[in-house]
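Structural characterization, general
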Number of protein chains: 2
Amino acid sequence: MNKNTRLILALDVTNKESALRIARDVHEYVDAIKVGYPLVLATGLGIFNDLSQYAPVIADFKVADIPNTNRLICEQVFKAGADAVIVHGFTGHDSLDACVEIARKSRNGKDIYVVTEMSHPGGVEFFRPVAGSIAKMALDAGASGVVAPATRLNRVKEIRSIIGSELSIISPGVGVQGGSAADVIKAGADWVIVGRSIYQADSPKNAAAGILADMQN
Amino acid sequence: MNKNTRLILALDVTNKESALRIARDVHEYVDAIKVGYPLVLATGLGIFNDLSQYAPVIADFKVADIPNTNRLICEQVFKAGADAVIVHGFTGHDSLDACVEIARKSRNGKDIYVVTEMSHPGGVEFFRPVAGSIAKMALDAGASGVVAPATRLNRVKEIRSIIGSELSIISPGVGVQGGSAADVIKAGADWVIVGRSIYQADSPKNAAAGILADMQN
């Protein structure tokens, strides 16, 4: 995915028509569209191909299974037209390796992003103590990048210091959840992920343009 | 789900016709059928309803997201006809609570099973140290049970000592992965989960019957 706008849309709607309408509206303002299970379960894997005409698609499936199941999930996701998958790392290095292996085998170099920490309150209970180790594992495994929460800038900085410049950081939690896009980029993120502030706006396009303007200030 | 045979089929195929044929063949020998993302992504959520005519369906989605996304996933899974969902606990108590809340709100009392530890090599890296805490959290949250690996009998015993008699243990890893069904039940599991030994057999029905005979010895 190209680093043009540094903005990723989290398209957390569950209706196909809304999803396509919003994607069409904002596609010039985003580098990628992130899609989760709720939309895919409601509409089918075909949504990846539909959306990929507007922007590269990141499947936010938070894949967290044994290596063989991870492999099967990633194979289906890439085959359906997604360019990247978000996976968990706490299931261990072999589960992650299986995902990276499938990404490398796929045509046009697909990406794996590893969750290092999550932005909700429960994210501090079991995740926080191992976030650094998971980031290190993502680096060793040859993942494309990690996911770190925009709501905790010091964590983004810490994760950046662990992974160096080799891996990308994509960072959710900007907008309704409180993170500032400009601050997160300054803290070391490569892309900010914005959901509700864009897809719930009367004009998703204007909302996205507004966030980009803020980022450039 | 009723405790009749104490056997759950892990239906890890990705083809609808095979899935239905195997389910039809073995349904008298199993208390439930466990289905993962590879089959659902390949065939659609409708597979839950198709399979539920043969046995209760457990959606092995290893749900591991923020509370709101977990909620949306569980809602769709129950609505599509599954009776239970397997979720992760390492995402913290609020993510788990969201799943339990949806299960309780659903008609006919749906079940949530929480992964406490996994059977693959990488399962010891981040999971093992927190398995006990996750089991305790599952108990506190009011989940129906936990998932513990049949390949590590001492872990099944330990998890049983933490959760007491209130929660069920479902235990994968029997058969090809090396666990013995009879031993796992003795160690404290309520159900054993068997996949390849059944669905890859020339006669899945005979294979299931054989495992049941072993369990009764």
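A short tour of the structure in this document, coming up. As the structure is a prediction and not an experimental result, all values here were calculated from the model.

**What to know about the sheet that holds strand 6 (residues 145-147) of chain A**
All names here are of chain A. Ordered by their spatial adjacency, eight strands build a closed barrel running 1-2-3-4-5-6-7-8, and the pairing between neighbours is parallel. Taking the axes of each pair of neighbouring strands and ignoring which way they run, one obtains an average angle of 30° across the sheet. In the sheet, strand 7 (residues 168-174) pairs with strand 8 (residues 191-194) via four bridges, with the strands oriented parallel. What sits directly across from P172, in strand 8, is I193. The sheet contacts of helix 5 (residues 93-105) involve strand 4 (84-88) and strand 5 (111-115), and relative to strand 5 the element is tilted by about 160°.

**What about the side chain of B:T116?**
In this fold, B:T116 is placed in the loop between strand 5 (111-115) and helix 6 (131-141). Polar side-chain contacts of B:T116 include one of 2.8 Å to the backbone oxygen of B:V147.

**Description of the pairing of strand 4 (residues 84-88) of chain B**
All names here are of chain B. Counted residue by residue, strand 4 has five buried out of five residues, so it is predominantly covered. Neither face of strand 4 is left uncovered, since the one carrying A84, I86 and H88 and the one carrying V85 and V87 both have all their residues buried. Relative to strand 4, strand 3 (residues 57-63) runs parallel, the two sharing three bridges. Looking at the pairing, A59 lines up with V85 of strand 4. In this fold, strand 3 hands off to helix 4 (residues 67-79), which returns the chain to strand 4; that crossover is right-handed. In the sheet, strand 4 pairs with strand 5 via five bridges, with the strands oriented parallel.

**Re the packing of helix 4 (residues 67-79) of chain A against helix 5 of chain A**
Residues and elements named next belong to chain A. In contact at an axis separation of 8 Å, helix 4 and helix 5 are set at 30° when each is read in the N-to-C sense. Relative to helix 5, the element helix 4 is oriented roughly parallel. The chirality of how helix 4 crosses helix 5 is right-handed. Contact residues: helix 4 offers P67, N70, R71, C74, E75 and F78, while helix 5 offers D94, S95, A98, C99, E101, I102 and A103. Grouping the constituent residues of the contact of helix 4 with helix 5 by class yields seven nonpolar, two polar and four charged.

Reading the values: the criteria
Residues numbered from 1 in each chain as written. Chains lettered and ligands numbered in written order. Predicted model: local features only at pLDDT ≥ 70, side-chain atom pairs only at ≥ 80, totals over all residues. Heavy atoms only, no water. Pairing = 2+ DSSP bridges. Helix = DSSP H or I, 4+ residues; strand = E, 2+ residues; numbered from the N terminus. Axes fitted to C-alpha atoms, helices over the stretch in contact; angles between N-to-C directions. Contact = heavy atoms within 4.5 Å. Polar contact = N/O pair within 3.5 Å; in protein donor to acceptor, adjacent residues only side chain to side chain. Buried < 20%, exposed > 50% of the residue type's maximum accessible area, 1.4 Å probe, protein only. Right-handed = clockwise from strand over helix to strand, strands pointing away. Parallel < 35°, antiparallel > 145°, perpendicular 65-115°, else oblique. Left-handed = near helix turned anticlockwise from the far one by under 90°. Nonpolar A, V, L, I, M, F, W, Y, C, P; charged D, E, K, R; others polar.

Keep in mind that these numbers describe shape and distance, not what the molecule does.
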